[in-house]
Amino acid sequence: MDKYFTRIRCFAAGVFCVLLALLFFSCASAPKKADGDPALSAGEGPKQAEPQSTGDILARAAEFLVQGNFEEALALFDRINSEDAAKRDIRLLKASALISAGRDEDARSIIEDILSIEPDQADALFILANLEASLGKTREEQALLERIVRVEPENSDALAALGSIAMGARSYDRAASYYDQALKSNPDHGEALTGRAALYRRANDPRKAVELLTRAIGHNPSWATPLVARAQIYKEEGYPHQALEDLDIARVLAPDNYWVSIDRGSALLELMRLDEALEEFTRAQTLEPENFLAYVYTAGLRDDLKDYAGAERDYEKLVRLRSDYYFAYEGLGILKMRSGRWDEARAAFIEAYKQDTGNLSYPFLITTNWIRARGPADAKGFLAEVLRTVPRNSIEWALFRLFHDQSGDVDIAVRIDREQNIDKKAQMLYYLAEYYAIRGNNSLADRYYMQVREMNRQGLLEWKLNTMAIETRHLDEP
């Protein structure tokens, strides 16, 4: 919920409001800039006669802003006749364009000059609030919005923005009140509809959430955000095909939006369209190469599709981007085991264990790979450290002791056979099979690998490792 909400706020606070102002709409009408409108963004630029009237100039400036050509848009303001250029509304439009271009202080100067003459001018206060929001100054933004509402209690833009601030602060009842007030004033307000829908979703009322999002989509057909939000609800409620339909439209509207690509890839993954999902997540990586999430998906997908070299590249990228993401080290360790690079696998599992010291699968895997790479004597120091951290009466302690002493396997086998916890029994049997495989007792190793498979504990890390061992040892072959 929080991630979804963050997208709404970021969308509402910046360039979105700028473009709407330039197009003479409110902040709640069709938000074309932030999501991208293919009809406006294609081509080199507007192909029309030199603008003459102030209206023509502003319309053309709006097109430049939609395309991201901020300086060209600002240059057009110099062509407006001096009488019109001095008008408050035109100056506010220029301030909005300056904010969009990142020239915050120039924009602030214009707005504050207007407010020095008209201290309660709502449009100027709202643009200034958006400027503060773009700078991360939420307290200042909120104060300005509250000031607007004191002067204009039914100002739907300010009410909706206050609702979004309350949502960000997890003050959900207050957020609902602001959104409801905004919708009472303007039933079609885009930010209020999407924000209130998010609250209904959080309250486990998907029907009302979808109803509001459908309304937002109908009134804002060029805005991807409500489509993405509705797709998320469809997916949660078990309608993946409908979710994908919404996300297909959202991708057309927002081709450069990383999160739309991530959500679409997830929908394809749920539908088991793995090749298409991989393609979509790979596209997301081109949009934001330094965002780690897409690599989580592609690494797992490439592994499932047996592109082990590609999976390893993605896991390597993951650990560079997020050194604390221990699942990436786990994935690397498994892939390195698959190709017999025992020492590299050992190093990967050591990194995973540093991040998740409560997971005893990692020290077991460090042990088996350490012994394969360097011999049992070299691993004794590590095992001695582990034995000091594991309860002495546990079956795990006994198995670590087996690897340390390299004797006592019969007693361990009996104890594992009596274990009542099925997951733990499967895990311990796998590591006992590994013990025998390392020592060259292949008949016992093969017996226990196959016994683990019969237990069918597919949610375990050891299940994947056991399956890999069965494949490597060709145990399914006649």
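Residues numbered from 1 in each chain as written. Predicted model: local features only at pLDDT ≥ 70, side-chain atom pairs only at ≥ 80, totals over all residues. Heavy atoms only, no water.

What to know about the overall build of the protein
Next, step 1: The number of helices and strands found in the protein is 30 helices and zero strands.
Next, step 2: The burial tally for the protein puts 51% of its 478 residues in the buried class.
Next, step 3: Across the protein, contacts joining residues at least 24 apart in sequence account for 51% of those joining residues at least 6 apart.
Next, step 4: Carbon and sulfur atoms make up 48% of the accessible area of the protein, which amounts to about 22100 Å² in all. (Helix = DSSP H or I, 4+ residues; strand = E, 2+ residues; numbered from the N terminus. Buried < 20%, exposed > 50% of the residue type's maximum accessible area, 1.4 Å probe, protein only. Contact = heavy atoms within 4.5 Å. Areas by Shrake-Rupley, 256 points an atom, 1.4 Å probe, with all protein chains shown as cover.)

Topic: the packing of helix α12 (residues 156–168) against helix α13 (residues 172–185)
Next, step 1: Closest axis-to-axis distance for the α12/α13 pair is 8 Å, and the angle between their directions is 165 degrees. Judged by the inter-axis angle, α12 sits roughly antiparallel to α13. When the axes of α12 and α13 are compared, the crossing they make is left-handed. In contact with Ser156, Leu159, Ala160, Leu162, Gly163, Ser164, Ala166 and Met167 of α12, α13 contributes Tyr172, Arg174, Ala175, Tyr178, Tyr179, Gln181, Ala182 and Ser185. (Axes fitted to C-alpha atoms, helices over the stretch in contact; angles between N-to-C directions. Parallel < 35°, antiparallel > 145°, perpendicular 65-115°, else oblique. Left-handed = near helix turned anticlockwise from the far one by under 90°.)

Considering the packing of helix α11 (residues 138–151) against α12
Next, step 1: Viewed as axis vectors pointing N to C, α11 and α12 meet at an angle of 145 degrees, and their least axial separation amounts to 9 Å. Regarding α11 and α12, the two cross each other, and that crossing is left-handed. Within the contact between the two elements, α11 uses Thr138, Glu141, Gln142, Leu145, Glu146, Ile148 and Val149 and α12 uses Ala158, Leu159, Ala161, Leu162 and Ile165.
Next, step 2: Residues of the contact of α11 with α12, tallied by class, amount to eight nonpolar, two polar and two charged. (Nonpolar A, V, L, I, M, F, W, Y, C, P; charged D, E, K, R; others polar.)

Focus on the nonpolar core
Next, step 1: Phe77, Ile111, Leu145, Ile148, Met167, Leu199 and Ile262 are the most contacted members of the largest nonpolar core, which totals 87 residues.
Next, step 2: Excluding residues within four positions of it along the chain, leucine 145 makes contact with Phe126, Ala129, Ala158, Ala161, Leu162 and Ile165.
Next, step 3: Counting residues in hydrophobic clusters, the runner-up holds 62 residues, among them Tyr353, Val386, Ala398 and Leu402. (Core = buried A, V, L, I, M, F, W, Y, C linked by side-chain atoms within 4.5 Å.)

Concerning helix α19 (residues 274–287)
Next, step 1: With 14 residues, α19 ought to run about 20 Å at 1.5 Å a step, and its terminal C-alpha atoms sit 20 Å apart, in line with that.
Next, step 2: Buried within α19 are the following residues: Ala277, Leu278, Glu280, Phe281, Ala284 and Gln285. Each buried residue of α19 sits inside an arc of 165 degrees when the element is viewed along its axis, so together they form one side. Every exposed residue of α19 that faces more than 90 degrees away from the buried side is listed here: Asp275, Glu279 and Thr286. (Expected span 1.5 Å × (residues − 1). Arc of directions from axis to C-beta.)

Looking at the pattern of salt bridges
Next, step 1: Throughout the structure, instances matching the rule amount to 41 salt bridges.
Next, step 2: Between glutamate 312 and lysine 336 there is a salt bridge, with the nearest N and O atoms lying 3.0 Å from each other. With a gap of 24 residues between them, glutamate 312 in helix α21 (residues 308–321) and lysine 336 in helix α22 (residues 326–338) connect regions that are remote in the sequence. Side by side, glutamate 312 and lysine 336 carry an identical accessibility label, which is buried.
Next, step 3: Two residues, arginine 322 and aspartate 324, come together in a salt bridge whose shortest N-O distance is 2.8 Å.
Next, step 4: The class for aspartate 324 is partly exposed, based on a relative accessible area of 40%.
Next, step 5: Salt bridges linked by common partners bring Asp248, Arg251, Arg264, Glu280 and Arg283 together as one network. (Salt bridge = Lys/Arg side-chain N within 4 Å of Asp/Glu carboxyl O.)

Let's talk about the confidence of the model for the protein
Next, step 1: Overall, the prediction assigns the protein a mean pLDDT of 88, with 89% of residues at 70 or greater.
Next, step 2: Helix α1 (residues 2–13) is the least confidently modelled element of the protein, averaging 34 in pLDDT, while helix α24 (residues 361–374) averages 98, the highest of any element.
Next, step 3: In the model, residues 1–46 has pLDDT below 50 throughout and makes 122 contacts with residues more than four positions away in sequence or in other chains. (pLDDT = per-residue confidence, 0-100.)

Regarding unusual backbone geometry
Next, step 1: The backbone phi angle of arginine 170 is positive, close to 60 degrees, even though this residue is not glycine.
Next, step 2: Inspection of the secondary structure puts arginine 170 in the loop between α12 and α13.
Next, step 3: In this structure arginine 170 comes out as exposed when scored by relative accessible area, which is 55%.
Next, step 4: At asparagine 456, a position not held by glycine, the phi torsion is positive, near 55 degrees.
Next, step 5: Mapped onto the elements, asparagine 456 comes out in the loop between α29 (442–455) and α30 (461–472).

Digging into the environment of tyrosine 297
Next, step 1: Looking at the element boundaries, tyrosine 297 is found in helix α20 (residues 293–304).
Next, step 2: Separated by 28 residues in the primary sequence, tyrosine 297 and leucine 269 place their C-alpha atoms 9.3 Å from one another.
Next, step 3: Those residues in contact with tyrosine 297, other than ones at most four positions away along the chain, are Ile262, Ser266, Leu269 and Phe281.

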